[in-house]
Amino acid sequence: MSTRGTTTRLFLVRHGETDDNHAGVFQGQAGKGLNARGVSQAQKLALRIGDLEPHVDIHALYTSDLERAVATADLLSQVLGLAVVVDEGLREVFVGEWQGKTMKDVEALYPEEVAAWRAGLDVARGGGETYAELAARVGEALARIAHAHAGKNVVVVSHGAAIKAYVASLFGNVMNGMRALGTLSNTGVTLLERDRDHATRLVVWNDVSHLRDPVLTAAKVAVEAPPPARSSKKALS
């Protein structure tokens with residue numbers, strides 16, 4: 001993209017799948033790296049983003065410092081040929097005592113917190129961060145990145161709640177926005193555009209086109225399609 005551009009584009013990417021994602025464990029700022037499926041997801045995304053060039057020039061690649069995000073960014077880096085820049089501000093929400101536990105665990109241990117959270121209250125789960133605090137932290141990191149690469153295209157690898165909370169904050173009320181937005185998939189891509197006056201627009205939410213196999217999708221559609229109607233008339237001999 002021309003350096004004269006006034007719009008900064010931030011391609012926000014959730015990390016690939018981990019074993020904790022698969023098992024339904026709250027990772028927060030803990031957890032480990034990608035599982036085999038997560039590696040495959042990140043590789044597919046890397047190829048897709050690589051195919052955007054030369055039409056879309058990716059200028060920089062940032063990531064959270066958590067292992068699963070760094071592993072995803074490293075796979076993207078191999079295709080994009082860009083150094084990975086780590087920013088702790090892109091970390092996932094800190095959920096304190098909930099980290100490493102399943103929903104069944106926290107329902108048993110912290111029933112009041114779970115009830116308040118499910119009721120839509122912005123609870124500091126497990127003594128950690130609220131969504132509002134998370135959105136502010138991620139917003140500060142993205143503002144730094146946008147300022148450093150004004151008018152450019154930047155890929156930013158982060159986390160499900162981190163991306164969702166920040167995007168929700170663009171609508172005013174974080175919790176209302178969180179409820180309005182759909183689930184963010186592993187390696188789902190969200191595109192934001194940020195103008196020179198810092199106005200930010202949501203352009204794409206959770207695009208996962210790179211995870212769909214067009215041949216298998218077509219085959220599935222063919223299998224699921226209803227059979228053609230049969231004529232009730234008998235053929236004349």
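Thresholds applied
Residues numbered from 1 in each chain as written. Predicted model: local features only at pLDDT ≥ 70, side-chain atom pairs only at ≥ 80, totals over all residues. Heavy atoms only, no water. Helix = DSSP H or I, 4+ residues; strand = E, 2+ residues; numbered from the N terminus. Buried < 20%, exposed > 50% of the residue type's maximum accessible area, 1.4 Å probe, protein only. Contact = heavy atoms within 4.5 Å. Areas by Shrake-Rupley, 256 points an atom, 1.4 Å probe, with all protein chains shown as cover. Salt bridge = Lys/Arg side-chain N within 4 Å of Asp/Glu carboxyl O. Pairing = 2+ DSSP bridges. Axes fitted to C-alpha atoms, helices over the stretch in contact; angles between N-to-C directions.

(A) Inspection of the overall build of the protein chain at higher detail. Helix and strand content of the protein chain: nine helices and six strands. Relative to its full complement of 237 residues, the protein chain shows a buried share of 46%. When contacts within the protein chain are restricted to residue pairs at least 6 apart in sequence, those whose partners lie at least 24 apart make up 68%. Total accessible area on the protein chain stands at roughly 12,600 Å², and carbon and sulfur atoms take up 55% of it.

(B) Structural detail: the pattern of salt bridges. Going through the model one piece at a time under the given rule, you end up with nine salt bridges. A salt bridge links Glu-17 to Arg-37; its shortest N-O distance comes to 3.3 Å. Of this pair, Glu-17 sits in the loop between β1 (8-14) and α1 (19-23) while Arg-37 sits in helix α2 (residues 36-52), and the two are 20 residues apart along the sequence. Since its relative accessible area comes to 9%, Glu-17 is described here as buried. A salt bridge links Glu-129 to Arg-137; the nearest nitrogen and oxygen atoms lie 2.8 Å apart. The pair Glu-129 / Arg-137 is uniform in exposure class, with both members buried. One network of salt bridges, in which partners are shared, links Arg-9, Glu-193, Asp-195 and Arg-201.

(C) Just the sheet that holds strand β2 (residues 58-63), in detail. Across the sheet, six strands lie side by side as β3-β2-β4-β1-β5-β6; this open sheet has mixed pairing. Because the sheet does not close on itself, it has two edges, and the strands there are β3 (84-86) and β6 (200-207). Strand-to-strand twist across the sheet, computed as the mean angle between neighbouring axes with direction ignored, equals 25°. In this structure, β1 lies alongside strand β5 (residues 189-194), joined through six bridges in antiparallel fashion. Directly across from Phe-11, in β5, lies its bridge partner Leu-191. Along the sheet, helix α3 (residues 67-80) contacts β2, β3 and β4 (153-158); its crossing angle with β2, the most-contacted strand, is approximately 160°.

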